[in-house]
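Summary of the model geometry
Spelled out, the chains give:
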Amino acid sequence: MKRFFERLFKGTKEAFVEILKDHLLNEKRMFLITANPEAFMLGKSDPEMEKMLLDEEVTMAADAIGLVKGGKIVGIHLPERIPGVELAQSLLAYGHEYHKSIFLLGAKQEVIDALCAVIREKYPNLTICGAVNGYVGDKDAVFEDMKKVEPDIVLVALGMPAQEKLIYKHFRDFRKGIFVGVGGSFDVLSGMKQRAPEFFIKHNLEWFYRIASEPSRFKRFYNGNVKFLFALRKER
Ligand code: UDP
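A few points on the structure.

Analysis parameters
- Residues numbered from 1 in each chain as written.
- Predicted model: local features only at pLDDT ≥ 70, side-chain atom pairs only at ≥ 80, totals over all residues.
- Heavy atoms only, no water.
- Helix = DSSP H or I, 4+ residues; strand = E, 2+ residues; numbered from the N terminus.
- Rg over C-alpha atoms; globule rule 2.2 N^0.38 Å.
- Buried < 20%, exposed > 50% of the residue type's maximum accessible area, 1.4 Å probe, protein only.
- Contact = heavy atoms within 4.5 Å.
- Areas by Shrake-Rupley, 256 points an atom, 1.4 Å probe, with all protein chains shown as cover.
- Near = heavy atom within 4 Å.
- Polar contact = N/O pair within 3.5 Å; in protein donor to acceptor, adjacent residues only side chain to side chain.
- Pairing = 2+ DSSP bridges.

What follows concerns the overall build of the protein. The helix and strand tally for the protein stands at 13 helices and 6 strands. The C-alpha atoms of the protein give 17 Å as radius of gyration, which agrees with the globular expectation for 236 residues (18 Å, within 12%). Evaluated residue by residue, the protein yields a buried proportion of 50% over its 236 residues. In the protein, the proportion of contacts linking residues at least 24 apart, taken out of those at least 6 apart, comes to 78%. When the accessible surface of the protein is summed, it comes to about 11,300 Å², and 53% of that surface belongs to carbon and sulfur atoms.

Encoded structure:
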């Protein structure tokens, strides 16, 4: 898995936000994976995921503390985690500041409606050029519509790896746009769900809070993280 680690952005969150800003201002295309241990574990067994994680055209940031810790095992220093939800928030803020456009795909209809209301109120200069819930049948057709409107920001919230696979299939057909798979971020950005309290975030325990409040996440956590650390040790 070391080769996946090598592809991660190795600077701070602040430095990464500057890169996002530069891409947005200069209309450079980017597909960003906000990676976690589950993604790297999938990369070991799923050839499509493996290809994506190794693709030079794909940008990767470490969303999870498990990757920061795992980096230590394989000798790759990552200064901090770069939470995807915060990057999504920065994109909304810069999108507003620079009068850009956004396309939203994913989550339930009520969540996406609430998120659009938040954007109209808090980020009025950010134009919503599409907002489609994540339960429509033909998501490739949504991307075909998206190609016609050329958004500056595309957030896809379908969960990993569906969101990444969908973006990977289409993003080269766009001239510009920052494409990010944002998982459960719409639930948070729309105000429908709370992020972990500050204490948990500050002490890198957001993962613990998420499992404690949604125990159904435990199996995924175990498979992605506990097995991940064992696999890394074995590789070393
Ligand atoms: N989702 C969706 N369509 C689906 C399955 C899931 O739009 O077919 C949405 C779901 O409503 C949620 C998000 O995808 O908003 C996944 O969130 P989760 O917290 O599981 O993702 P994570 O951040 O853990 O990858």
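Past the structure itself, the notes keep going.
Let us now look at the site of the ligand. The immediate surroundings of the ligand are formed by 15 residues, with Ala107, Gly134, Asp187, Arg217 and Arg220 found nearest. Contact distances for the ligand include 2.9 Å between an oxygen atom and a side-chain N or O atom of Tyr135. Asp187 has a polar side-chain atom sitting 2.7 Å from an oxygen atom of the ligand.

Inspection of the sheet shows strand β3 (residues 101–106) paired to strand β4 (residues 127–132) by 5 bridges, in the parallel sense. Along β4, the bridge assignment pairs Ile102 with Ile128.

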